[in-house]
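# Coordinate inspection notes
Listed below are the residues making up each chain.
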Amino acid sequence: MSGPAALRALPSVDQMLKAASVSPLVERHGRVVVTNELRAVLGDIRIAVRGGGTLPGEDGIVASLLSRLDQRECSTLRPVFNLTGTVLHTNLGRALLAEEAVAASVAAMRDAAALEFDLATGKRGERDSHLQELLCELTGAEAATIVNNNAAAVLIALHTIGAGRQAIVSRGELIEIGGAFRMPDIMQSAGVELVEVGTTNRTHAKDYINAIGAETALILKVHTSNYRIEGFTAAVPGAELAAIAQEAGVVLLNDLGAGTLIDLSRYGLGREPTVRDAVAEGADLVTFSGDKLLGGPQAGFIVGRKDLIAEINRNPLKRALRVDKIRIAAMAATLKLYRDPDRLASRLPTLKMLARQQAEIRAQAERLAPEIGALLTPQGYTVEVCCCSSQIGSGALPVETIQSAGIRIAAPSGSALEALSALFRSLPRPILGRLQDGALVLDLRCLSDEAAFLESLSEVRGHAVA
Ligand SMILES: *Cc1c(COP(=O)(O)O)cnc(C)c1O
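Residues numbered from 1 in each chain as written. Predicted model: local features only at pLDDT ≥ 70, side-chain atom pairs only at ≥ 80, totals over all residues. Heavy atoms only, no water.

An unreviewed UniProt entry lists the protein chain under the name L-seryl-tRNA(Sec) selenium transferase, with Mycoplana dimorpha as the source organism. The record in UniProt for the protein chain states the following under Sequence similarities (unreviewed entry): "Belongs to the SelA family." Quoted verbatim from the Function (unreviewed entry) field of UniProt, the annotation for the protein chain is "Converts seryl-tRNA(Sec) to selenocysteinyl-tRNA(Sec) required for selenoprotein biosynthesis." (UniProt positions renumbered as here; feature names shortened; annotations may be inferred.)

So, in structure tokens, the structure goes:
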């Protein structure tokens, strides 16, 4: 049926709500949602019929309703398979938490918690107290505080120590981290005047010494975490910089970025300076992220001199940048795992993934390739096991890659490759790979749940892509 007769025959929202196949949907999604979606479905049909389309039957209307309800249900922030090869992928939420941290945060979410309440005295407590001792134990620092992320840690430290005064930074360390975190802009937001010294590739002790004046509040050292200057270079080692700062009576703030608490060379990775190293070198304050190599939830830490940490805690900005009980619970559980370094790599998912050996990943790729091939080869795709290289991501060890393995899917055409990537992205649990040399590469370093992966992949069946 089509035309005006079809429009007249179109059921009303009320009629559809009474249909036997719709009432279970009302039960599940609620009357308001189903009514709104039905109205939208019927509106679309009305437009289609006016344009010469035919009137669908009740089944057709219910099918459209179902698909709209499913889409509404489906969260945009849903779990994905990160097969991009970047382990700490900022756009995919960085570190995966250990089960201990997940359990601790769930418990904190569900019930009231002694967040700022001292159970021993019955008096008001401090939210940082749950982490302070652990952080000092793991870094060798005198005191510690926690804020929303490392950008916030740098901001509040700069503002507290240097607002209205100057900070000296090497031109080789004026970094942009991405997403509007540019050191000069952060300085400006903190009300600190930037004094650049040295050149892009070489900065010497005398450059710092000559720049120090009455207005100098601090020297900022920034770990150039997402790039490396190579060749004819010079930078002043942390310990020497600490001595210069101390001599001049100014603060040395070291922004470490990724901030690992352990020596990663133990797991076959390059050596990043640890927080303990930075503290031992004599930095007055060290800032680092909670969700990079540390493997916890998003957070920023400042560790160092007790008097300076106390000053930072008195800054009204602290209240604006503070962390909630859910993350404090997850962070405390994560930090506790570091007390047992021997079992760390089996309990901390980020470290576990970074430490996986290529041979093990390759064996996994060989197990999975036939299954993927069975789905995609009939459609003209070529599926093969390949070697690839993963990276840590989030700016840690930027030039270092880790030998890995995965599945390489080549397509009969560029549009077929694009169609396959789009289909993978549209799955209930999307599969995200990396486009490389005209193929889609699925780096399996971060794949732990093979069964879930195969189940998600099986949804591809019946979708002609190429
Ligand atoms: C990542 C990074 C930051 C920003 O940290 P967030 O936790 O993303 O806010 C700042 N400084 C350096 C050196 C970094 O590597």
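Glancing now at the overall build of the protein chain. Secondary structure summary: the protein chain contains 20 helices and 15 strands in total. Seen through its principal axes, the protein chain has C-alpha atoms that stretch 90 × 55 × 45 Å. A total of 466 residues make up the protein chain; the buried ones form 48% of that total. Nonlocal contacts in the protein chain, meaning residues at least 24 apart in sequence, comprise 75% of its contacts between residues at least 6 apart. Accessible area of the protein chain: about 21900 Å², with a carbon and sulfur share of 51%. (Helix = DSSP H or I, 4+ residues; strand = E, 2+ residues; numbered from the N terminus. Buried < 20%, exposed > 50% of the residue type's maximum accessible area, 1.4 Å probe, protein only. Contact = heavy atoms within 4.5 Å. Areas by Shrake-Rupley, 256 points an atom, 1.4 Å probe, with all protein chains shown as cover.)

Here the focus is the sheet that holds strand β3 (residues 166-170). Strand order in the open sheet formed by 7 strands is β2-β10-β9-β8-β7-β3-β6, with mixed pairing between adjacent strands. Because the sheet does not close on itself, it has two edges, and the strands there are β2 (143-147) and β6 (193-197). Adjacent strand axes in the sheet meet at a mean angle of 25°, parallel and antiparallel pairs treated alike. Taken strand by strand, helix α8 (residues 150-162) contacts β2, β3, β7 (216-222), β8 (251-257), β9 (285-289) and β10 (300-304), and its axis lies near 160° from that of β9. (Pairing = 2+ DSSP bridges. Axes fitted to C-alpha atoms, helices over the stretch in contact; angles between N-to-C directions.)

On to the side chain of Thr216, then. Within the fold, Thr216 resides in strand β7. For Thr216, a relative accessible area of 3% corresponds to the buried category. Reaching out from Thr216, the side chain makes a polar contact with the backbone nitrogen of Gly213 at a distance of 2.8 Å. (Polar contact = N/O pair within 3.5 Å; in protein donor to acceptor, adjacent residues only side chain to side chain.)

Moving on: helix α15 (residues 325-337). With 13 residues, α15 extends 19 Å between its outermost C-alpha atoms, agreeing within 8% with the 18 Å of an ideal straight helix rising 1.5 Å per residue. Most of α15 sits out of view: 10 of its 13 residues are buried. Where α15 is concerned, the buried positions are Arg327, Ile328, Ala329, Ala330, Met331, Ala332, Ala333, Thr334, Leu335 and Leu337. Its buried side turned inward, α15 meets α6 (99-110), α7 (129-139), β2, β10 and α16 (341-347). At the N-terminal boundary of α15, the capping side chain belongs to Asp324, with an oxygen 2.9 Å from the backbone nitrogen of Ile326. (Expected span 1.5 Å × (residues − 1).)

Okay, the packing of helix α4 (residues 31-50) against helix α5 (residues 58-73) next. Where α4 meets α5, the closest approach of the two axes is 9 Å, and the angle between their N-to-C directions is 125°. Compared by their axis directions, α4 and α5 come out oblique. Crossing angle aside, the handedness with which α4 passes α5 is right-handed. Along the contact surface, α4 presents Val33, Val34, Glu37, Leu38, Ala40, Val41, Leu42, Asp44 and Ile45, while α5 presents Ile61, Ser64, Leu65, Arg68, Leu69 and Arg72. Class assignment of the residues belonging to the contact of α4 with α5 gives a composition of 10 nonpolar, 1 polar and 4 charged. (Parallel < 35°, antiparallel > 145°, perpendicular 65-115°, else oblique. Left-handed = near helix turned anticlockwise from the far one by under 90°. Nonpolar A, V, L, I, M, F, W, Y, C, P; charged D, E, K, R; others polar.)

Our focus in this paragraph is the nonpolar core. Membership of the largest hydrophobic core comes to 59 residues, with the highest contact counts inside it found for Ile219, Val286, Phe288 and Leu335. No other element matches α15, which puts 5 residues into this core. Mapping this core onto the domain boundaries places at least three of its residues in each of domain 2 (81-90 + 353-460) and domain 3 (99-347). In this structure, Leu335 is in contact with Leu131, Leu134, Leu135, Leu138, Leu261 and Leu294, ignoring residues within four places of it in sequence. (Core = buried A, V, L, I, M, F, W, Y, C linked by side-chain atoms within 4.5 Å. Domains from an automatic or database assignment.)

What follows covers the UniProt feature "modified residue: N6-(pyridoxal phosphate)lysine" (unreviewed entry) in the protein chain. As annotated by UniProt and renumbered to match this structure, "modified residue: N6-(pyridoxal phosphate)lysine" (unreviewed entry) occupies Lys292. Topologically, Lys292 is positioned in the loop between β9 and β10. For Lys292, a relative accessible area of 4% translates into the label buried. Residues contacting Lys292, with those up to four places away along its chain left out, are Leu88, Arg94, Ala95, Gly257, Ala258, Thr350 and Ser394.

On to the domain arrangement of the protein chain, then. On domain assignment, one finds that the protein chain holds domain 1 (3-73), domain 2 (81-90 + 353-460) and domain 3 (99-347). Averaged C-alpha coordinates put domain 1 and domain 2 at centres separated by 39 Å.

What follows covers α7. For α7, the complete set of buried residues consists of Leu131, Leu134, Leu135, Cys136, Leu138 and Thr139. Buried residues along α7 sit in contact with β2, α12 (275-280), β9, β10 and α15. Gly140 lies just past α7 and shows a positive phi near 80°.

Before going further, it helps to spend a moment on the pairing of strand β15 (residues 439-443). When you tally the buried positions in β15, you get 5 out of 5 residues, the bulk of the element. Of the two faces of β15, the one holding Ala439, Val441 and Asp443 and the one holding Leu440 and Leu442 are both buried throughout. Alignment of strand β14 (residues 434-436) against β15, held across 3 bridges, turns out to be antiparallel. Bridging from a neighbouring strand, Gln436 pairs with Ala439 of β15.

With that settled, the discussion passes to the environment of Thr287. Tracing the chain through its elements places Thr287 in strand β9. The exposure class assigned to Thr287 is buried, which follows from its relative accessible area of 0%. On a C-alpha basis, the gap between Thr287 and Val49 in space is 62 Å, while along the polypeptide they are 238 residues apart. Ignoring any residue separated from it by four or fewer positions in sequence, one finds Thr287 in contact with Asn150, Ala153, Val154, Leu253, Asn254, Asp255, Leu256, Gly257, Phe301 and Ile302. Only 2.9 Å separates the side chain of Thr287 from the side chain of Asp255, close enough to count as a polar contact.

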